[in-house]
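# An overview of the molecular structure
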Amino acid sequence: MPELPEVETIRRTLEANYVNKKIVKVEVLYERMIKSPLDEFINKVTSSTISSFGRRGKYLLINLDNGYTIISHLRMEGKYFLREINEELSKYTRVIFTLENGSRLCYEDVRKFGIMYLTPTTKVNEFEEIAKLGPEPFEIKDASYLHKAFKNKKVEIKAALLDQTIMTGLGNIYADEVCFKTKINPFKKANTLTLKECEDILKASVETLNDAIKSGGSTIATYHPAKGVDGMFQTKLLAYGKEGKKCPVCASTMRKAIIKGRGTTYCPHCQNVALVIGITGKIASGKSTVTKLFKEKGCPTISSDEIVTNLYKELEFKKKLIEMFSPEVLNDDLSISKGYIKNVINLNPNKKKELEELVHPLVRAKIESFISSHMNEKMVVVEVPLLFEAGFENLFDVIIGVQASSLTQINHLNARKSLNVAKDLKLNESSQFDKNAKKCTYLIDNNYSLLDLRMNVDKLYLLILNS
Ligand SMILES: [Zn+2]
């Protein structure tokens, strides 16, 4: 999707080529694109002369000499092309403006998401979508404006930067660049930013957008008449799209997370973003102990077993289990009988699958919300026995596999007073851990004393911190 710099590039290109050109004919091939009355659009635009091209945020403004303006938004992939008199039109042409010399300025749009709207030039700012736009970074003279606006925003700064009602101009690409340049943790809540941080953001926003405009926007060939505009800026991006690459400043691995549904790339080291650790292993391998040792180091931790236990207490979830299994799933005290569920799913693989399809997304959502509320820490640790079975690998920056021999497992099970050690050990057979152990970033061997384990965790903690 074109961002502000691309639209500005298009504006400049159109301005250089089409000012003072008379439009002798307008053909609308896709009527739903025109959001104002079609007859009026055609009547007013026909025989008018283009006086200038303006821009407000990502809206392109085609100002006509008769006091009207066409507001044009390219949305996903709208483009303007010049088609000469004998040139064949693209099948994606939606609006044709024929000029006096017979050449045609064509609006082409594969996905037809773009819109055009005709309004008196004096009323452009009243157009609903334009009216709600905040100022562009270039127009903000004092960062205290941002500081004040962010005070009411309890969302992540990345999300606040994308909120065009506060400041218009940064889309997903440039918001990542601005967070990276200012070394601000994109998960940091907007209302906790200092004035100095807001000053840095404003400065970086102006610089980043200016750089992008200078390089002609980052979308390759947004505008492509005879003198096409090719974006060269993409090679200059520092953060966006660099997941897995080395940070250009500190050489740590760049990571990607989702903030309010948008991919966000950052350097965990430069921007002080928590590393997300998943701990997994077979039954009674010592995962909980390892998790506890990380907790002692000050890391926020959560276990998915704990999440499931709480889930079983939720009324909505209970209703779904009753639907899935029958009311027999309830104990006398109306709690859920895990024993009953275990028996049914052991006998019926389809029920097992159905249950997993219900539980895994709910657990995943709770884990994601826990992680995102702790991204200002150094590390956040999640214990997930079924990490591989549930396909949760991509939630974590680092996966620690805890390994234990069956003798160690038996000792642990006896120590927890397991009622049926043999049955518990049978879970090893369905565990996907051994098969996936190579996917773990680190393996920790838990066949020795607690002191050994503690020393290993200490070492690992430092190793992860400095990776
Ligand atoms: Zn870095």
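Since the model is a prediction, treat every value here as computed from it, not as a measurement. (Residues numbered from 1 in each chain as written. Predicted model: local features only at pLDDT ≥ 70, side-chain atom pairs only at ≥ 80, totals over all residues.)

## A few points about the overall build of the protein
Summing up its helical and strand segments, the protein has 16 helices and 15 strands in all. The C-alpha atoms of the protein give a radius of gyration of 29 Å, which is well past the 23 Å a tight globule of 467 residues would have. Projected onto its principal axes, the C-alpha coordinates of the protein cover approximately 90 × 50 × 40 Å. A buried classification covers 36% of the 467 residues belonging to the protein. In the protein, 67% of the contacts between residues at least 6 apart in sequence involve partners at least 24 apart. (Helix = DSSP H or I, 4+ residues; strand = E, 2+ residues; numbered from the N terminus. Rg over C-alpha atoms; globule rule 2.2 N^0.38 Å. Buried ≥ 20, exposed ≤ 12 C-beta atoms within 10 Å, placed from the backbone. Contact = placed C-beta atoms within 7 Å.)

## Thoughts on the sheet that holds strand 3 (residues 59-64)
The strand order across the open sheet formed by four strands is 2-3-4-8, and the pairing between neighbours is antiparallel. This sheet does not close on itself; its edge strands, each paired only once, are strand 2 (50-56) and strand 8 (115-120). Neighbour to neighbour, the strand axes of the sheet diverge by 20° on average, direction disregarded. Bridging between strand 3 and strand 4 (residues 68-73) involves five bridges; their strand directions are antiparallel. Of the residues in strand 4, the one forming a bridge with Leu60 is Ser72. (Pairing = 2+ DSSP bridges. Axes fitted to C-alpha atoms, helices over the stretch in contact; angles between N-to-C directions.)

## Regarding the packing of helix 1 (residues 4-18) against helix 7 (residues 195-214)
Interaxial distance between helix 1 and helix 7 falls to 8 Å at its minimum, and their mutual angle equals 40°. Considering the angle they form, helix 1 stands oblique to helix 7. Crossing hand, helix 1 versus helix 7: right-handed. Between helix 1 and helix 7, the residues in contact are Leu4, Pro5, Glu8 and Thr9 and Leu209, Ala212 and Ile213, respectively. Across the contact of helix 1 with helix 7, the residue classes tally to five nonpolar, one polar and one charged. (Parallel < 35°, antiparallel > 145°, perpendicular 65-115°, else oblique. Left-handed = near helix turned anticlockwise from the far one by under 90°. Nonpolar A, V, L, I, M, F, W, Y, C, P; charged D, E, K, R; others polar.)

## Here's the deal with the domain arrangement of the protein
Under the domain assignment, the protein is made up of domain 1 (4-131), domain 2 (137-244) and domain 3 (275-465). Between domain 2 and domain 3, the C-alpha centre-to-centre distance is 39 Å. (Domains from an automatic or database assignment.)

## Observations concerning the sheet that holds strand 14 (residues 398-403)
Note on sheets: strands pair through backbone hydrogen bonds, and any given pair is parallel or antiparallel. Pairing within the open sheet is parallel, and its five strands lie in the order 12-13-11-14-15. Each end of this open sheet is capped by a strand with a single partner; those strands are strand 12 (301-303) and strand 15 (442-445). With direction set aside, neighbouring strand axes in the sheet form an average angle of 20°. Of the pairings in the sheet, the one linking strand 12 to strand 13 (residues 379-383) comprises three bridges and is parallel in character. Pairing of Ile302 across the sheet is with Val382, part of strand 13.

## Concerning helix 7
The α-helix advances 3.6 residues per turn, and as a result positions three or four apart in sequence lie on the same side. The end-to-end C-alpha distance of helix 7 is 28 Å, a good match for the 28 Å that 20 residues give at a rise of 1.5 Å each. Looking at the packing, one finds that the buried side of helix 7 touches helix 1, helix 4 (144-150) and helix 6 (172-182). Just past helix 7, the residue Gly216 takes up positive phi, approximately 80°. (Expected span 1.5 Å × (residues − 1).)

## Structural notes on unusual backbone geometry
Here the phi dihedral of Ser326 falls at roughly 100°; this positive angle occurs in a residue that is not glycine. Of note, the phi angle at Leu334 is positive, near 70°, even though the residue is not glycine. Take Leu334: it is sitting in the loop between helix 10 (315-325) and helix 11 (338-347). Owing to 7 C-beta atoms within 10 Å, Leu334 belongs among the exposed residues under this scheme.

## What to know about the pairing of strand 3
Regular strands place side chains that alternate from one sheet face to the opposite one. Where strand 2 lies against strand 3, six bridges are found, and the strand directions are antiparallel. Its bridge partner being in strand 3, Ile50 is matched across the sheet by Leu64. Linking two consecutive strands that pair antiparallel, namely strand 2 and strand 3, is a turn of two residues; a positive phi of about 60° is found at Gly57 within it. The antiparallel hairpin formed by strand 3 and strand 4 contains three residues in its connecting segment, where Gly67 sits at a positive phi of about 85°.

## Quick notes on the environment of Thr301
Here Thr301 is to be found in strand 12. C-alpha separation for the pair Thr301 and Phe396, spaced 95 residues apart in sequence, amounts to 13 Å. With near-sequence residues (within four places) excluded, Thr301 lies in contact with Thr291, Phe294, Lys295, Val381 and Glu383.

## A short note on the confidence of the model for the protein
In the predicted model, the protein carries a mean pLDDT of 91, and 96% of its residues have values of at least 70. Long-range and interchain partners of residues 218-233, a stretch whose pLDDT sits below 50, account for 45 contacts in this model, where long-range means more than four residues apart. (pLDDT = per-residue confidence, 0-100.)

## Considering the nonpolar core
In terms of nonpolar packing, the biggest core is built from 98 residues, with Val178, Ile277, Val290 and Ile400 touching the most fellow members. The residues touching Ile400, leaving out its near neighbours within four places in the chain, are Ile277, Ile279, Val290, Cys440, Thr441, Tyr442, Ile444 and Leu460. (Core = buried A, V, L, I, M, F, W, Y, C linked by C-beta atoms within 7 Å.)

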